[in-house]
Amino acid sequence: MRRLTLLYILIGTVLSAAVGLAIYSYVISNKLSERERLVILDTMRELAAEKIVGIESEIVKADQAVFDAVDIDNILEIEALAKRHRPVKSILVLDRNLKILPSGFVTRRDKKKDIQRFQKLFESKIIRDLSLSGATSVERSHLHTSYDGRPYLFSWARKRAKGDNYYVVIETDLPFLVGTMFSQFLASQAPRFYQVVNERSEHVYGPLLGKTSSRSVSLAFSETVSKWRLRVVQKRALSGAAKAQRQVVDFALIGSALGIIVVGLSVLLIAVRRERRANELKSEFISNVSHELKTPLSIISMFGEMLATQRTKSAEQATEYAEIIWKESVRLSRLIDNVLDFAKLERGVDAVEFAEGDFGGAVDRAVELSRHRLSRAKMELEVEFDEELPMVELDANALTLCVLNLIDNAIKYAADGKLLRIELRHVNSRLVLSVADHGPGIAKDEHSAIFDRFYRAKAVRLKPIRGSGIGLALVQHIAQAHKGDISVESEPGKGATFRLWIPVARRG
Ligand code: ADP
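Throughout this description, residue numbers start from 1 for each chain and increase along the sequence as written. Totals for whole chains, interfaces and linings use every residue, but because this is a predicted model, local features are given only for residues with pLDDT of at least 70 and side-chain atom pairs only at 80 or more, for both listing and counting. Only hydrogens and water are removed before side-chain values are computed, so all heavy atoms of the structure are retained for them.

Visitor: Explain the layout of surface pockets to me, using residue names and the numbers behind them.
Guide: For the largest pocket, the calculated volume is near 640 Å³. Of the two site types, the cavity is a set of points on a 1 Å grid over the protein atoms alone where a 1.4 Å probe fits but cannot get out, and the pocket is an open set with protein on both sides within 12 Å along at least five of seven lines, each lined by residues with an atom within 4 Å of a point. For the largest pocket, the lining is made up of 40 residues, of which Asn 409, Tyr 413, Arg 456, Val 460 and Leu 472 are closest to its centre. Looking at the lining of the largest pocket, the elements that each hand over two or more residues are helix H5 (240-308), helix H6 (315-347), helix H8 (396-414), strand E14 (430-437), helix H9 (458-461), helix H10 (471-481) and strand E16 (496-503). Numbering of helices and strands runs from the N terminus; a helix is a DSSP stretch of H or I covering at least four residues, while a strand is a stretch of E covering at least two. Top contributing element to the lining of the largest pocket by residue count: H8, with eight residues. Following the grouping adopted for this structure description, the nonpolar residues are Ala, Val, Leu, Ile, Met, Phe, Trp, Tyr, Cys and Pro, the charged ones are Asp, Glu, Lys and Arg, and the polar ones are all others, Gly among them. By residue class, the composition of the lining of the largest pocket is 23 nonpolar, nine polar and eight charged. Grid points are joined across faces, edges and corners, and a volume is the space filled by probe spheres set on the points.

What follows is the structure, encoded as structure tokens:
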């Protein structure tokens, strides 16, 4: 009992350790994937910042070059300047009253209509929005805005010449910025993609990834196109679905490991319980067998002593005592046979040897050997055989042992029923032996269990009736070795009929 308690404690400990380990692995795996996610996001953010700095410094560099090169005395030069510095679309030079100087406006626009429209827009709206009066000669200011739904980027600075202020305004060529510079700087490298979106999150540049992408960071351009944001999108990153899938895999792995441990422990527990039960049954068996052996031995020794001390009244009585000794010793040897055959059976050795023989003869022998015990139990015996039973391949000793076991059981358990009826019939191609008593019978739910080794019916376990629980197991084994079988028909209180059959012609 203590060993079993220890085992339970051990199993509980192993189980809780396994569950703890499973939870720990799950939490760690989640933490790791979260850490991995953060590292990837950080990298993407750094990448976005790097790209923004690269693009903006290109724009600022071009603007700066233009501001530095504009010369009020040589205003016609601005045309060449605009051509030389590619992201520049227009250059406007204004006097202190914010009027465009004659020849102070160059643009890459081709159509005259477009040029006039832009100039009108500049003079009516843009100039107001640029707040040129606050401009310094040191700092460049930028304005990123839209007019009539079209985006514009301007930068401007104040310049001084001949003691007067004038202003240089540069319009950046946004289609060039998007079409050429962005493509140069933001070439996609799978699994990473770059997208530029405007203030309404509308697509400006890059692949249209829709919502399939999973992980992205977005950073605003700080200095120039400040209304736009650069998005870095990691495709093939752990999407919601992939994360769920990973969780499922984690669950499956951890779950199956746990499952294996639980199954292993259950198997261990079952094995230990079986082992314990088998040990219990074996010790019960040994004590039962020893007990069974003792009775015939004490009868033999009692009658032997009477004969030896000549305490017999007559020669007939002496013969009767000698006969009892003989029969009890046969019974004793049968009991030993039972145990030995059973031991052979347990070791998987076949205890049956076949020869052509007469089943009736084997039954007769068992009946003869049992007569004395039957009469002592005050039981009446009826025997009826079909006439002309065929000879069959059988092990006569083994079958005698079967019948002896069945009669013995009837004497042990059904002596109250008084009548025991043994029949041997030839039915179809079978020889059927039935042993019917009028004893207490056997509960239906135990009909198959009584043929299990060591099994004893609940009703007899508490009674002082000797038994080892191997008799019927042995009978069933012998019947099956003959390619036959044994069955029982019984109801509690209505006696029991055991039917053992063997085939007339041995198959196979
Ligand atoms: P044993 O008699 O040594 O206990 P058996 O294998 O011969 O073992 O029988 C198994 C059990 O079947 C018995 O313990 C008993 O409970 C039940 N049994 C066998 N024969 C009879 C019978 N004729 N009437 C009632 N119960 C029986």
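Visitor: Let's hear about a nonpolar patch on the surface: which residues, and what values?
Guide: A cluster of nonpolar side chains, namely Leu 10, Val 14 and Ile 261, defines an oily patch on the protein surface of about 220 Å² accessible area. With respect to the helices and strands, the residue Val 14 is situated in helix H1 (residues 2-69). Val 14 sits in the partly exposed class, given a relative accessible area of 34%. The patches described consist of residues with a relative accessible area above 30% and no salt bridge, like charges being joined within 9 Å and nonpolar side chains (Val, Leu, Ile, Met, Phe, Trp, Tyr) within 5 Å. The method behind every accessible area is Shrake-Rupley, applied with a 1.4 Å probe, and residues are considered shielded solely by the protein chains displayed. Any carboxyl oxygen of Asp or Glu within 4 Å of a side-chain nitrogen of Lys or Arg constitutes a salt bridge here. Relative accessible area decides the class of each residue, using a 1.4 Å probe on protein chains only: under 20% of the type maximum gives buried, over 50% gives exposed, and in between gives partly exposed.

Visitor: Outline the pattern of salt bridges, supporting the account with residue identities and numerical values.
Guide: Within the structure shown, the criterion is met by 24 salt bridges. For Arg 421, the salt bridge goes to Glu 384, with nearest N and O atoms at 2.3 Å. Of this pair, Arg 421 sits in strand E13 (residues 419-427) while Glu 384 sits in strand E11 (residues 380-385), and the two are 37 residues apart along the sequence. The partner of Arg 425 in a salt bridge is Glu 423, and the shortest N-O contact between them spans 3.2 Å.

Visitor: Kindly report on empty space enclosed by the protein, identifying the contributing residues and their values.
Guide: This structure, assessed with the given rule, holds three cavities of 30 Å³ or more. In this model, the largest cavity occupies a volume close to 70 Å³. Every residue lining the largest cavity is listed: Lys 327, Val 330, Arg 331, Arg 334, Leu 369, Ser 370, Arg 373, Leu 404 and Asp 408. Looking at the lining of the largest cavity, the elements with two or more residues in it are H6, helix H7 (359-376) and H8. By residue number, the principal contributor to the lining of the largest cavity is H6, which donates four residues. For the lining of the largest cavity, the per-class residue count stands at three nonpolar, one polar and five charged. Of the voids in this model, the second largest cavity is the one considered here, and its volume is about 40 Å³. The wall of the second largest cavity is formed by Ser 29, Asn 30, Ser 33, Lys 243, Arg 246, Gln 247 and Asp 250. Mapped by element, the contributors of at least two residues to the lining of the second largest cavity are H1 and H5. With four residues, H5 is the single largest residue contributor to the lining of the second largest cavity.

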